[in-house]
Amino acid sequence: MKYRKKVNTTKKDMKALLPMLVALCLIPFVVLTKDYQTEFSKFDWFNSSEIDQIDSFEYTKSICVIIMGTVAALVIAVSEYRKNKKKKQLFENCDMKVLVLCAVYFIMVVISSIFSKYSHLAFVGGGYGQWQTMWVLLCFVVLFLYAYMYVNSENRVLLVTKCLFVSTGFLALIGVLQTVGKNPLSWGWVQKIITSQSKVNGIGFKEGVSNVILTFSNPNYVGPYIALILPIVVCFVGIRVSENKKKVFVCRMAGILVAVGLLVSLFGASSSAGAIAVLAGVVVLLLFILSGVFSKGQVDDGEEKKGKSSKVYIISGIVVLAIVAAAVGVSRTEFFKSTVNKLLQGGQDTRNIASIVNTDRGLEVTLRNDEEFVLVPSCEDDQSVSYEAFDKNNEKIEVEYAEDKKCFVVRDERFGMITLENVRFSVESKMYPGFRFNDAPNRISWTFMYVDNEWKYYSPFGKFLKLRKVESFGFKEYQNIANRRGFIWSRSIPLLKTYWFKGVGPNAFIIAFPNDDFVGSKRVGGNTTLVDKPHNAFLQIYIQTGGISAIAYAGLWIMYIVESARLFWRRKRYTDVQKIGLGLFVGIFSFAVAGITNDTVVGSQNIYWILLGTGYAVNRVIKLKKEG
């Protein structure tokens, strides 16, 4: 009897998958500083002193994504052209629903970019470190399709997993070193490489913020990355990478070390969103594993039904107890407590002023408890300022000077927290009469000056303007929740009805957001803070490239989650490819959970899109094997 020799296709597979492997495994390590200028001077909310900017973590990654996406597009185009010449089916083995959703997202990104009023941001990028241009977004789709189409065998699935594991191992090492205060990005020779194309001599890190950023621009992005990758690493520990038992043991030990390194990095980054997403992933992973362990049904691929042994129950019980013990231990850590505090912060909002609006009558003031009054300041001979006030029933409210407080006070218990300080201001060598409107208990103030015969707010950026009514939705008592996210979401949600079709354009969220809401911004943070991202992936996509593109983006995720859930629910035993598929499923689910409180950036989105395409491909490989 003749035995067919096993063919090693690694080199062939590596060559076939090269564009996506480079994008997936090498682009995350690209850190190179770019000097650029942000020009938003025409907007009242822009600080003109912040024109000169640098970016070290996203711009160069975006260029690399465009390069690899272009290569991938050419490979797909040539391959499909050859199929067409041979009268073969185009995009064979691809689900038409997936292709339609990709096409819808692709088209809407193009429409949003072409018709955006801010074409420079859409096609070139910049702004406040935003580099997901139209070209980058389109290349995400291409790399997704490349993974979906070309990861078409078990060997290729294992190859992608091994390459990803090696890449993740190095990133985990960087995270551990950053956690212990030995940040490789701070090493002299590394700084020279990073800033080789910049005028700056080195890059620094913000005080008071964790330096555990891996190779992202902010520790907030470490959490979503780890939530996405950790389940894949955990499942990698369970696969048999070689026939050699020693190699299998070494790889499993390495996998455990990488998983530990990722967890250390997660704690070091203090990423609450990441921790919650990882916890959600653990719950889902346990549910699916236990659904098979304790299932009475039979859903495996042609396997003979076997009785459950007591050993399985014992091992499962031990695992559950170990996880419970670990959860109890984690709950006692400062990291867990700070996470809970971030979630609950803002639950007791004591800041009194909800809005101040310039009207023809005066300043319409609304308090947090919905009490309202109109303040009518007047200026005699451009010198002294006097005040009148009226409640919402047009009843006059007494305003008088209090000698003990050296300021004007409102003699009404409903508005007793408000004080008014008369001050003369010097702006560009010119004197203006004015006053400070104070929320006295919270020590928050807003400055108004009498300019060109009318009252205007003087912004922290040195600009005179009239305050307008800013629309908001929800989070009334929770503006500060999750580090001001309540405020940001409450102002972002009303934008959905405006940008349902084409959006404001890639990278232009900062313009769509009401950054001229100086009252709202100051009341939640004490200082006026520029909002350049919504801290929610779906809101970011919806507002920038339109509701239709956001629905298509979400549709790809939902279809994959539903398909994977059906595939892995109540599965009793897993092959290596099925383990990888389960890890991808849990990782992609966890990434979406992290996306509830985090926006998208080039570094994480590049990995997500490729792994989502790989997840679809792995599911197809599993189903084809079952049918075969």
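Residues numbered from 1 in each chain as written. Predicted model: local features only at pLDDT ≥ 70, side-chain atom pairs only at ≥ 80, totals over all residues. Heavy atoms only, no water.

Caption draft 1: Structural context of the overall build of the chain. Tallying secondary structure elements over the chain gives 19 helices and 14 strands in all. Relative to its 628 residues, the chain shows a buried fraction of 52%. Contacts in the chain between residues far apart in sequence, at least 24 positions, make up 67% of those at least 6 positions apart. For the chain, the accessible surface area stands at approximately 30600 Å², while carbon and sulfur atoms represent 59% of it. (Helix = DSSP H or I, 4+ residues; strand = E, 2+ residues; numbered from the N terminus. Buried < 20%, exposed > 50% of the residue type's maximum accessible area, 1.4 Å probe, protein only. Contact = heavy atoms within 4.5 Å. Areas by Shrake-Rupley, 256 points an atom, 1.4 Å probe, with all protein chains shown as cover.)

Caption draft 2: Spotlight on the pattern of salt bridges. Counted under the stated rule, the structure contains 17 salt bridges. Of the charged contacts in the structure, one is a salt bridge between D391 and R414, with a shortest N-O distance of 3.2 Å. Taken together, the residues span a long stretch of sequence, with D391 in strand β6 (residues 384–391) and R414 in the loop between β9 (407–410) and β10 (418–427) at a distance of 23 residues. Since its relative accessible area comes to 29%, R414 is described here as partly exposed. With its nearest N and O atoms 2.7 Å apart, the salt bridge here joins D516 to R468. (Salt bridge = Lys/Arg side-chain N within 4 Å of Asp/Glu carboxyl O.)

Caption draft 3: The arrangement of the sheet that holds strand β12 (residues 444–451) in detail. Strands sit in the order β8-β9-β10-β11-β12-β13-β14 across an open sheet of 7 strands; the sheet is antiparallel. The open sheet terminates on both sides in strands that have one partner only, identified here as β8 (399–402) and β14 (464–465). Helix-sheet contacts for helix α15 (residues 518–525) involve β12, β13 (454–458) and β14, and the interaxial angle to β12 is about 150°. (Pairing = 2+ DSSP bridges. Axes fitted to C-alpha atoms, helices over the stretch in contact; angles between N-to-C directions.)

Caption draft 4: Local environment of the sheet that holds strand β5 (residues 372–380). Pairing is antiparallel in the open sheet, where 5 strands are placed in the order β3-β4-β5-β6-β7. In this open sheet, the two strands that pair with only one neighbour each are β3 (353–358) and β7 (396–397). Across 5 bridges, the pairing between β3 and strand β4 (residues 363–367) is antiparallel. If you follow I356 over to β4, its bridge partner there is V365.

Caption draft 5: Layout of the side chain of R571. Position of R571 among the secondary structure elements: in the loop between α17 (547–568) and α18 (576–594). A polar contact is formed between the side chain of R571 and the backbone oxygen of L567, at a distance of 3.1 Å. (Polar contact = N/O pair within 3.5 Å; in protein donor to acceptor, adjacent residues only side chain to side chain.)

Caption draft 6: Quick peek at unusual backbone geometry. Even without being a glycine, D370 presents a positive backbone phi close to 75°. Of note, D370 is situated in the loop between β4 and β5. With relative accessibility at 42%, the residue D370 sits in the partly exposed group. Unlike most non-glycine residues, K406 shows phi in positive territory, near 55°.

Caption draft 7: Broad picture of a nonpolar patch on the surface. A cluster of nonpolar residues, F249, V250, M253, I256, V260 and V264, forms a patch on the protein surface that exposes about 500 Å² of accessible area. For V260, the position within the fold is in helix α9 (residues 245–269). (Patch = residues over 30% accessible without salt bridge, like charges linked within 9 Å, V, L, I, M, F, W, Y side chains within 5 Å.)

Caption draft 8: Spatial organisation of the packing of aromatic side chains. A full pass over the atoms with the stated rule returns 44 aromatic pairs. An angle of 65° between the planes, with centres 6.0 Å apart, marks the rings of F40 and F43 as edge-to-face. With respect to class, F40 is no different from F43; both count as buried. For the ring pair Y105 and W609, a centre distance of 5.4 Å and an interplane angle of 45° mean the geometry is tilted. (Phe/Tyr/Trp six-rings, centres within 6.5 Å; stacked < 30°, edge-to-face > 60°.)

Caption draft 9: Structural detail: the environment of L266. Assignment of secondary structure puts L266 in helix α9. Here the alpha-carbon distance between L266 and T179, two residues 87 residues apart in the chain, equals 9.2 Å.

Caption draft 10: Representation of helix α5 (residues 134–150) in the model. If you check α5, its first and last C-alpha atoms are 24 Å apart, about what 17 residues at 1.5 Å a residue would give, namely 24 Å. With respect to burial, α5 is a largely interior element, 16 of its 17 residues being buried. (Expected span 1.5 Å × (residues − 1).)

Caption draft 11: Expanded view of the packing of helix α1 (residues 10–25) against α5. Look at α1 against α5: their axes get within 10 Å of each other, and the N-to-C directions meet at 135°. Regarding the angle of α1 to α5, the classification is oblique. Both α1 and α5 take part in a crossing whose hand is left-handed. Each of A16, L17, P19, M20 and A23 in α1 lies in contact with α5, whose residues at this interface are L143, Y146, A147 and Y150. Residues belonging to the contact of α1 with α5 are distributed by class as follows: 9 nonpolar, no polar and no charged. (Parallel < 35°, antiparallel > 145°, perpendicular 65-115°, else oblique. Left-handed = near helix turned anticlockwise from the far one by under 90°. Nonpolar A, V, L, I, M, F, W, Y, C, P; charged D, E, K, R; others polar.)

Caption draft 12: Quick peek at the pairing of β10. With 2 bridges joining them, β9 and β10 adopt antiparallel strand pairing. The partner of V409 across the bridge, within β10, is T419. In the sheet, β10 pairs with strand β11 (residues 430–439) via 10 bridges, with the strands oriented antiparallel. Considered in β11, the bridge of T419 is made with N438. Linking β10 to β11, which pair antiparallel, is a turn of 2 residues; within it E428 sits at a positive phi near 50°.

Bear in mind that shape data such as this cannot, by itself, settle questions of function.
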